[in-house]
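Residue-level listing of the chains:
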There are 2 protein chains.
Amino acid sequence: MTQFYVAVGAVIERDDKFLLLKRSPEKDFKPGVWEIVTGRLEREEQPVQGVLREVEEEVGLTVKVVMPIHTTFFYRGSKEFPMVFITYWCRHLDGDVSLSWEHSEFKWVTMDDALEIYKDSPFFPEFANLKKLKQHLPTGFQLDWP
Amino acid sequence: MTQFYVAVGAVIERDDKFLLLKRSPEKDFKPGVWEIVTGRLEREEQPVQGVLREVEEEVGLTVKVVMPIHTTFFYRGSKEFPMVFITYWCRHLDGDVSLSWEHSEFKWVTMDDALEIYKDSPFFPEFANLKKLKQHLPTGFQLDWP
């Protein structure tokens, strides 16, 4: 049976704005592109724990995971990297953004700006899904994680 | 980097009831246990397409995928099977249940009955999450899948 690399992504919300990051020019894959926090799951790691770890490593923030909002399969660059990608909506709890080598810039944008910036991007469905959910879910809503 | 098997699960809703399946006595892993539709993702398969395929194969139903509601990592039996499991809420569209060899019984139960049946099961969080979501999301709500 096929095995996959599994990556997780975090759409981080703070005061109704969302964190976008620009990939460093040094990145081998899609340098210079605006993205969200992403990273690969490690062995024996719960996906939600992987999200918290990647967010801490890449931007130095403490967040809560609200819920998964999108899943997709793609090849990362070549057929040797079949990847399943799970994106989570996260809520900022503490800290200010501190970038790692992986990103060169960041900005907090409104939902409408995110949808415009990502209109031709693989990240569009994440934000479209989140917009739909936020129309119904109360402020502070979140699922429970064991 | 670690690779994983990826499995998807479907919590199928029909008229405010949810489909439970009893694993066949012939199953190598957890025979006789009540579960939801589950199955492994195939190569190049979008997770949502994998859900639709497994639901069709295991119970012969046509469903719509509403959204992902839970994710978890576990070993399926042995350390040789690191597994990431993504569960989706699905809405029944068409068809009556027709079991494959994988299951010996089925029943449609209320949310409260599902929570009681699964109270010591790994499927409990799926139903607990879904109960929370359904308190806020309108009838017929669903996310979009490309």
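J.: Is there a simple way to explain helix 1 (residues 47–59) of chain B in this structure?
T.: For the α-helix, the turn length of 3.6 residues means that residues three or four positions removed from each other point alike. Residues and elements named next belong to chain B. Here helix 1 is 13 residues long and its end C-alpha atoms lie 18 Å apart, about the 18 Å a rise of 1.5 Å per residue gives. When helix 1 is considered as a whole, its buried residues turn out to be Pro47, Val48, Gly50, Val51, Arg53, Glu54, Val55, Glu58 and Val59. Within two residues after helix 1, Gly60 carries a phi angle of roughly 70 degrees, on the positive side.

J.: What am I meant to see in the packing of aromatic side chains here?
T.: Two aromatic rings, taken as a pair, are described by how far apart their centres are and by the angle between their planes. Overall, the coordinates contain 16 aromatic pairs over all chains when judged by the stated rule. Geometry around Tyr5 of chain A places Arg40 of chain A over its ring, the cationic atom sitting 5.6 Å from the centre.

J.: Mind showing me how you'd approach the nonpolar core here?
T.: Generally speaking, a soluble globular protein has its nonpolar side chains buried in company with each other. Judged by nonpolar contacts, the single largest core of 98 residues is most densely connected at Ile12, Met67 and Phe127 of chain A together with Ile12, Met67 and Phe127 of chain B. In contact with Phe127 of chain A, not counting residues within four places along its chain, are Val11, Phe18, Leu20, Ile36, Met111, Ala114, Leu115 and Tyr118 of chain A.

J.: Would you explain the relation of the copies chain B and chain A in this entry?
T.: Copies of the same chain, two in number, are related to each other by a rotation about an axis and a translation along it. The two copies are related by a screw operation: chain B maps onto chain A through 180 degrees of rotation and 0.0 Å of translation along the axis, at an RMSD of 0.0 Å. The superposition operator between the copies reduces to a two-fold rotation axis. When the interface residues of chain B are mapped onto chain A, 100% of them again fall at the interface, so both copies present the same face.

J.: What should I look at first to understand the interface of chain B and chain A in this one?
T.: Across the contact, 41 residues belong to chain B and 41 residues belong to chain A. In this assembly, chain B packs against chain A so that about 3,900 Å² is buried in total across both faces, 60% of it on carbon and sulfur atoms. In this structure, the connection of chain B to chain A is made through 16 residue pairs in polar contact (both at pLDDT 80 or more). Sorting the residues of the side of chain B that touches chain A by element identifies strand 1 (5–14), helix 1, strand 5 (62–75), strand 6 (82–94) and helix 3 (124–134) of chain B as the ones contributing at least two each. Here the element with the most residues in the side of chain B that touches chain A is strand 5 of chain B; it accounts for eight residues. Grouping the amino acids of the side of chain B that touches chain A by side-chain chemistry returns 24 nonpolar, nine polar and eight charged.

J.: Before we go on, may I ask you to explain the side chain of Ser24 of chain B in this structure?
T.: All names here are of chain B. Tracing the chain through its elements places Ser24 in the loop between strand 2 (17–23) and strand 3 (34–35). Ser24 gets classed as buried once you look at its relative accessible area, which sits at 2%. One polar contact links the side chain of Ser24 to the main-chain carbonyl oxygen of Trp101, over a distance of 2.3 Å. Within the structure, the side chain of Ser24 is placed 3.1 Å from the backbone nitrogen of His103, a separation counted as a polar contact. With near-sequence residues (within four places) excluded, Ser24 lies in contact with Pro31, Gly32, Trp101, Glu102, His103 and Ser104.

Rules used in this analysis
- Residues numbered from 1 in each chain as written.
- Chains lettered and ligands numbered in written order.
- Predicted model: local features only at pLDDT ≥ 70, side-chain atom pairs only at ≥ 80, totals over all residues.
- Heavy atoms only, no water.
- Helix = DSSP H or I, 4+ residues; strand = E, 2+ residues; numbered from the N terminus.
- Expected span 1.5 Å × (residues − 1).
- Buried < 20%, exposed > 50% of the residue type's maximum accessible area, 1.4 Å probe, protein only.
- Phe/Tyr/Trp six-rings, centres within 6.5 Å; stacked < 30°, edge-to-face > 60°.
- Lys NZ or Arg CZ within 6 Å of the ring centre and 35° of its normal.
- Core = buried A, V, L, I, M, F, W, Y, C linked by side-chain atoms within 4.5 Å.
- Contact = heavy atoms within 4.5 Å.
- Least-squares fit on C-alpha atoms with pLDDT ≥ 70 in both.
- Buried area = accessible area lost by both parts, 1.4 Å probe.
- Polar contact = N/O pair within 3.5 Å; in protein donor to acceptor, adjacent residues only side chain to side chain.
- Nonpolar A, V, L, I, M, F, W, Y, C, P; charged D, E, K, R; others polar.

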